[in-house]
Amino acid sequence: MKIKVRVSNAEDTKYADIICQKIQESAKIRGTGIAKKDPEYIKSKMVDGFAVIAFFNKNLAGFSYIDVFQNKEFIVNSGLIVFPEFRKNGLAKIIKLEIFNLSRKKFPNSKIFSITTNNTVIKINTDLGFKPVSFSKITKSEEFWKGCKSCANFDILIRNKKKMCLCTGLLYNPRKISSFTNKSKNCLYIGDKILLAYSGGLDTSFCLKYLIQKEYEVHTVIINTGGFNKEELKVIEDRALSIGAMSHKTIDAIEEYYQNCIKYLIFGNILKNNTYPLSVGSERIFQAIKIAEYASNVKAKAIAHGSTGAGNDQVRFDTAFKIICPDKITLTPIRDMKMSRIEEIKYLKDSGIFMVWDEFEYSINKGIWGTSIGGKETLTSHNDFPEKAYPTRLKKNTSENLELEFEKGELVSVNKEKGNAVKNIIKIGKIASEFAIGRDVHIGDTILGIKGRVAFEASAAIIIIKAHHLLEKHILTKWQLYCKEQLANWYGMLLHEAQYLDPVMRDIEKFLISTQKRLTGTVNIILYPYRFHLVGIKSKFDLMSSSNAAHYGEMNNTWTAEDVKGFTEIFSNQMRIYHNLNNEE
């Protein structure tokens, strides 16, 4: 089966008579619709490129054309016909979409209307953004209404003084919003569907209200990568709907986030600048991927997010959207208008939106792999970050033992209690956060080339990475450790720099997996207020435990003193040659 729908041309005029005949036959069978079309008029539409024509396996199968009224204020897609033998193949929808797109291209500022009794056509038009309207909202051109004379129900139209008939009136109003689309090949119109990445915070709440007031149809979505419990997610949903979102969707991506990212951050012992466990930077790409997929599912015209113009997240979101759903327009109201937090709060207050404004003193991004916190202190290089700004508080002033068990690099139990990795990470976070462990301030280079400072709290991530690294130091060879460190550093850098979808990341992941084959054992830890101590490990693969190997700094049973002398003679040979040749220096 091969369907082809294209813009018509002069060579198609040979089909005009058969098209008019099929339109008349179809109207007669339905008992309604404009029955009579002039072949010469249809030919003129073909020659002018104001029509589309459809073929099914190279056979003529359908047609539609554009009419213009009231000095281009209104246009109508007329004469839609699918020949009976080719129906039930989705042709009507394809033809309707093509003539709609052609109308938008040729007359971007014109209102497009339709009147029909066909439920299928009504559904297609509605999906394209048409709204039901009374006849008074469409063209008043007498020329258009004269065309209805050949309809069997024309007398009903006349008796009702053209206010109503058996047909349903549908209107697409293309009032363009240019502030977001002046650099785009596509344009957004009043009523277009927008999907907003919504976290419930100040920035995304501002975006939601702003886009609604611009008369878009806004739907919200949140991707839960471990930062919210059910109650918090319900509060976010209620807030989105109360502000005016048409719908709200929560998508759970915690397990996917672990399997596709966190696992490799652990395998690589990745800490950005030896400090930060990439808490937010790592999860953003997965949020962006899920948002892009959902946007395609709900047929959104655009995706909006609340990034500013100075951070990393804007690049991560934009990059993912361009790769996964390049047909979608990306909207960033705060970035485009350079809005400050004070201006956002004032806008929401003036719009009648009530929120607990004090909670926005600090910007908090929470996920399973840690929480980042930004505030006035992180805008400088010298101010300390206050205790009150961290999400958790010190609750325990004693010490506590913690045992972690790994199998092939993955965390399989906490304190001898088995569980999957996600549950184990959450469990460690709950235990360690009571000691206020995992706090620090990270200073790093942003994707945009400026220095950034952010506070974070990531007790589970820091403890797991350090414990895993200790286990590796006992089990892996010297060169495995060396090569792992180089590639893991690149993995973390590329992930931070929004390069997750580059295939080199999959290549590095395969290397990291191969290094974990023997990474099985337990690590014992002692937790204290604000810190922890790695006690030691137990593993059947511990390279220190071999009975035949020497013990560092002690006597050995593997080689003799003469062996070492010979080894040293050869090992130092090249350096000795170099220095002997350069004695004059």
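Everything below is about the structure shown above.
In this report, the structure presented in the accompanying data block is examined. (Residues numbered from 1 in each chain as written. Predicted model: local features only at pLDDT ≥ 70, side-chain atom pairs only at ≥ 80, totals over all residues. Heavy atoms only, no water.)

### Examining the overall build of the chain
Here is step 1 of the chain: For the chain, the count of helices and strands is 19 helices and 23 strands.
Here is step 2 of the chain: Taking 25 Å as the expected radius of gyration for a compact globule of 585 residues, we find that the chain reaches 33 Å, considerably beyond that expectation.
Here is step 3 of the chain: When the backbone C-alpha atoms are referred to their principal axes, the chain occupies close to 110 × 55 × 55 Å.
Here is step 4 of the chain: Out of the 585 residues in the chain, the part that is buried amounts to 48%.
Here is step 5 of the chain: Taking contacts inside the chain between residues at least 6 apart in sequence as the whole, the part at least 24 apart equals 70%.
Here is step 6 of the chain: Each charge class in the chain can be summarised by its mean position, and for the 84 positive and 64 negative side chains these summaries are 9 Å apart. (Helix = DSSP H or I, 4+ residues; strand = E, 2+ residues; numbered from the N terminus. Rg over C-alpha atoms; globule rule 2.2 N^0.38 Å. Buried < 20%, exposed > 50% of the residue type's maximum accessible area, 1.4 Å probe, protein only. Contact = heavy atoms within 4.5 Å. Lys, Arg positive; Asp, Glu negative; His and termini not counted. Charge placed at Lys NZ, Arg CZ, Asp CG, Glu CD.)

### Some details on the packing of aromatic side chains
Here is step 1 of the chain: Applying the stated criterion across every chain yields a total of 22 aromatic pairs.
Here is step 2 of the chain: Measuring from ring centre to ring centre gives 5.7 Å for Tyr362 and Phe385, while their planes differ by 70 degrees; the resulting arrangement is edge-to-face. Linking Tyr362 in the loop between helix H13 (341-350) and strand S15 (363-367) with Phe385 in the loop between strand S16 (370-374) and strand S17 (400-407), this pair joins segments that are 23 residues apart in sequence.
Here is step 3 of the chain: Its relative accessible area of 9% is what places Tyr362 among the buried residues.
Here is step 4 of the chain: One aromatic cluster is present, built from ring pairs that chain together Tyr41, Phe63 and Tyr65.
Here is step 5 of the chain: Here the basic side chain of Lys22 rests over the ring of Phe83, its NZ or CZ set 5.4 Å away from the ring centre.
Here is step 6 of the chain: In this structure, Arg506 packs its charged tip against the face of Tyr500, placed 4.2 Å from the ring centre. (Phe/Tyr/Trp six-rings, centres within 6.5 Å; stacked < 30°, edge-to-face > 60°. Lys NZ or Arg CZ within 6 Å of the ring centre and 35° of its normal.)

### Quick word on the sheet that holds strand S11 (residues 217-224)
Here is step 1 of the chain: Ordered in space as S12-S11-S10-S13-S14, the five strands form an open sheet in which the pairing is parallel. Of all strands in the sheet, those bounded by a partner on one side alone are strand S12 (248-252) and strand S14 (329-331). If you compare each strand with its neighbour and ignore which way they point, the axes differ by 25 degrees on average.
Here is step 2 of the chain: Of the strands in this sheet, strand S10 (193-197), S11, strand S13 (302-304) and S14 are in contact with helix H7 (residues 202-213), which crosses S10 at around 170 degrees.
Here is step 3 of the chain: Contacts between helix H10 (residues 279-297) and the sheet are confined to S10, S11, S12 and S13, with S11 contributing the most and set at about 140 degrees to the helix. (Pairing = 2+ DSSP bridges. Axes fitted to C-alpha atoms, helices over the stretch in contact; angles between N-to-C directions.)

### Points about the environment of Asp38
Here is step 1 of the chain: Inspection of the secondary structure puts Asp38 in the loop between helix H1 (16-30) and helix H2 (39-48).
Here is step 2 of the chain: With 18 residues separating them in the primary sequence, Asp38 and Cys20 have C-alpha atoms 7.0 Å apart.

### Focus on the pairing of strand S4 (residues 74-82)
Here is step 1 of the chain: Of all the nine residues making up S4, eight are buried; the element is thus mostly covered by neighbouring parts of the structure.
Here is step 2 of the chain: Bridge count between strand S3 (residues 59-69) and S4: seven bridges; the pairing is antiparallel. Paired with Phe69 across the two strands is Phe74, which belongs to S4.
Here is step 3 of the chain: In sequence, S3 turns back onto S4 through a hairpin of four residues, with Gln70 there showing a positive phi of about 50 degrees.
Here is step 4 of the chain: Pairing between S4 and strand S5 (residues 111-116): three bridges, direction parallel. From the neighbouring strand, Ile75 faces S5, where its bridge partner is Ile112.
Here is step 5 of the chain: Note that the unit made of S4, helix H3 (residues 91-106) and S5 has a crossover that is right-handed. (Right-handed = clockwise from strand over helix to strand, strands pointing away.)

### Brief notes about a nonpolar patch on the surface
Here is step 1 of the chain: A cluster of nonpolar side chains, Ile323, Ile324 and Leu501, forms an exposed patch at the surface whose accessible area comes to about 230 Å².
Here is step 2 of the chain: Mapped onto the elements of the fold, Ile324 is located in helix H11 (residues 313-324).
Here is step 3 of the chain: Looking at Ile324, the relative accessible area reads 31%, which means it is partly exposed. (Patch = residues over 30% accessible without salt bridge, like charges linked within 9 Å, V, L, I, M, F, W, Y side chains within 5 Å. Areas by Shrake-Rupley, 256 points an atom, 1.4 Å probe, with all protein chains shown as cover. Salt bridge = Lys/Arg side-chain N within 4 Å of Asp/Glu carboxyl O.)

### Points about the packing of helix H18 (residues 561-571) against helix H19 (residues 573-581)
Here is step 1 of the chain: Between H18 and H19, the least distance of the axes is 5 Å, while the angle of their chain directions is 50 degrees. On the basis of the axis angle, H18 is oblique to H19. The segment H18 lies against H19, with Glu569, Ile570 and Phe571 engaging Asn573, Met575 and Arg576.
Here is step 2 of the chain: Tallied by class, residues from the contact of H18 with H19 come to three nonpolar, one polar and two charged. (Parallel < 35°, antiparallel > 145°, perpendicular 65-115°, else oblique. Nonpolar A, V, L, I, M, F, W, Y, C, P; charged D, E, K, R; others polar.)

### Observations regarding the packing of helix H9 (residues 254-267) against helix H15 (residues 459-475)
Here is step 1 of the chain: Relative to each other, H9 and H15 sit at 50 degrees, their axes nearing to 8 Å. In terms of orientation, H9 lies oblique with respect to H15. Taking contact as the criterion, the partners of Leu265, Ile266 and Phe267 in H9 are, on H15, Ile464, Ile465, His468 and Glu472.
Here is step 2 of the chain: The residue makeup of the contact of H9 with H15, split by class, is five nonpolar, one polar and one charged.

### Here we look at the side chain of Thr225
Here is step 1 of the chain: Here Thr225 lies in the loop between S11 and helix H8 (230-243).
Here is step 2 of the chain: Judged by its relative accessible area of 1%, Thr225 is buried.
Here is step 3 of the chain: In contact with Thr225, other than residues within four places in its own chain, are Ala253, Ile254, Tyr257, Glu283, Gln287, Gly367 and Ile368.

### Looking at H15
Here is step 1 of the chain: Helix length check: H15, at 17 residues, gives a terminal C-alpha distance of 25 Å against a target of 24 Å (1.5 Å per residue), a fit within 8%.
Here is step 2 of the chain: Counting buried positions over the 17 residues of H15 gives 14, a clear majority of the element. (Expected span 1.5 Å × (residues − 1).)

### Quick look at the pattern of salt bridges
Here is step 1 of the chain: Inspection of the entire model under this criterion finds 28 salt bridges.
Here is step 2 of the chain: Here Asp192 ties to Lys301 by a salt bridge, and the two come within 3.6 Å at their closest N and O atoms. Placement of the pair is Asp192 in the loop between strand S9 (188-189) and S10 and Lys301 in the loop between H10 and S13, with a sequence separation of 109 residues.
Here is step 3 of the chain: What makes Lys301 partly exposed here is its relative accessible area of 24%.

### Quick notes on the sheet that holds S15
Here is step 1 of the chain: Reading across from one edge, S15-S16-S21-S20 is the order of the four strands in this open sheet, with antiparallel pairing throughout. Each edge of the open sheet is held by one strand with a lone partner, namely S15 and strand S20 (439-445). Shown here is a sheet whose adjacent strand axes are inclined to one another by a mean of 25 degrees, direction ignored.
Here is step 2 of the chain: Relative to strand S21 (residues 451-457), S20 runs antiparallel, the two being bridged by seven bridges. Looking at the pairing, His442 lines up with Val454 of S21.

### Remarks on the environment of Lys301
Here is step 1 of the chain: Taking the C-alpha atoms as reference points, Lys301 and Ile243, separated by 58 residues in sequence, lie 21 Å from one another.
Here is step 2 of the chain: Here Lys301 is in contact with Arg104, Cys187, Leu188, Asp192, Lys193, Asp327, Lys328 and Ile329, once residues within four sequence places are set aside.

### Describing H11
Here is step 1 of the chain: Its twelve residues give H11 an end-to-end C-alpha distance of 16 Å, which sits within 8% of 16 Å, the value for a rise of 1.5 Å per residue.
Here is step 2 of the chain: For H11, the set of buried residues is Asp313, Gln314, Arg316, Phe317, Asp318, Ala320 and Phe321.
Here is step 3 of the chain: Packed against the buried residues of H11 are H10, S13, S14, helix H12 (333-337) and helix H16 (478-496).

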